[in-house]
Amino acid sequence: MRHIISILMENESGALSRVAGLFSARGYNIESLTVAPTEDASLSRMTLVTSGTDRVVEQIKKQLNKLIDVVKLVDLVENEHVEREISLIKVRAAGNARDEINRLVGIFRGRIVDVTDTSYTIELTGNCGKIDAFLKAVPNDTIIEVVRSGVLGIARGEKGLRL
């Protein structure tokens, strides 16, 4: 099962490598990883997506909690949450293909953020399924490059990952 683990950690050099080292040493896979400072400059928030059985994920959470840099963590899939991913997709767009690409971008509520004579760069935000569906809808020979941010997640309602 897929889990989104949100971690509040000290904003110190080496913290990210300790988390990555924990995963590699135990043979766990990180599907996506995002890290950025929070409103408190001394803390960073890491959002990590991984998969595994409940037992494996429970072990991952216990090991993460033992790391000195980790202040607090929560598995977002245990409660209601909102998740999003941003992607930049560069596609070939010349001649009649431009109209078809524009139509698809509109259907998926994306934005064209860069235009050249032969290409468009599209910004698309949504859950992973939406981005995957867009990529399937665009002909493969049209796609030049895809960049995905990885999942960001936040609990719904009054709950928050705070000290």
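Residues numbered from 1 in each chain as written. Predicted model: local features only at pLDDT ≥ 70, side-chain atom pairs only at ≥ 80, totals over all residues. Heavy atoms only, no water.

1. Describing unusual backbone geometry
Right, so step 1: Positioned with a positive phi, Arg109 is a non-glycine residue whose angle comes to about 55°.
Right, so step 2: Looking at the element boundaries, Arg109 is found in the loop between helix H3 (97-107) and strand S6 (111-115). (Helix = DSSP H or I, 4+ residues; strand = E, 2+ residues; numbered from the N terminus.)

2. What to know about the environment of Ile60
Right, so step 1: With respect to the helices, strands and loops of the structure, Ile60 is situated in helix H2 (residues 54-66).
Right, so step 2: The class for Ile60 is buried, based on a relative accessible area of 0%.
Right, so step 3: Along the primary structure Ile60 and Thr50 are separated by 10 residues, whereas in three dimensions their C-alpha atoms are 9.4 Å apart.
Right, so step 4: Discounting chain neighbours no more than four positions away, the residues touching Ile60 are Ile5, Phe23, Tyr28 and Thr50. (Buried < 20%, exposed > 50% of the residue type's maximum accessible area, 1.4 Å probe, protein only. Contact = heavy atoms within 4.5 Å.)

3. Examining the nonpolar core
Right, so step 1: Membership of the largest hydrophobic core comes to 15 residues, with the highest contact counts inside it found for Val91, Ile101, Ile122, Phe134 and Val138.
Right, so step 2: Those elements that place two or more of their residues in this core are strand S5 (81-92), H3, strand S7 (119-126) and helix H4 (128-137).
Right, so step 3: Non-local contacts of Ile101, meaning those with residues more than four positions away in its chain, are made with Val91, Arg92, Tyr120, Ile122, Val138 and Thr142.
Right, so step 4: Core analysis: the next-biggest nonpolar cluster, separate from the first, contains 14 residues, Ala15, Met46, Ile60 and Leu67 among them. (Core = buried A, V, L, I, M, F, W, Y, C linked by side-chain atoms within 4.5 Å.)

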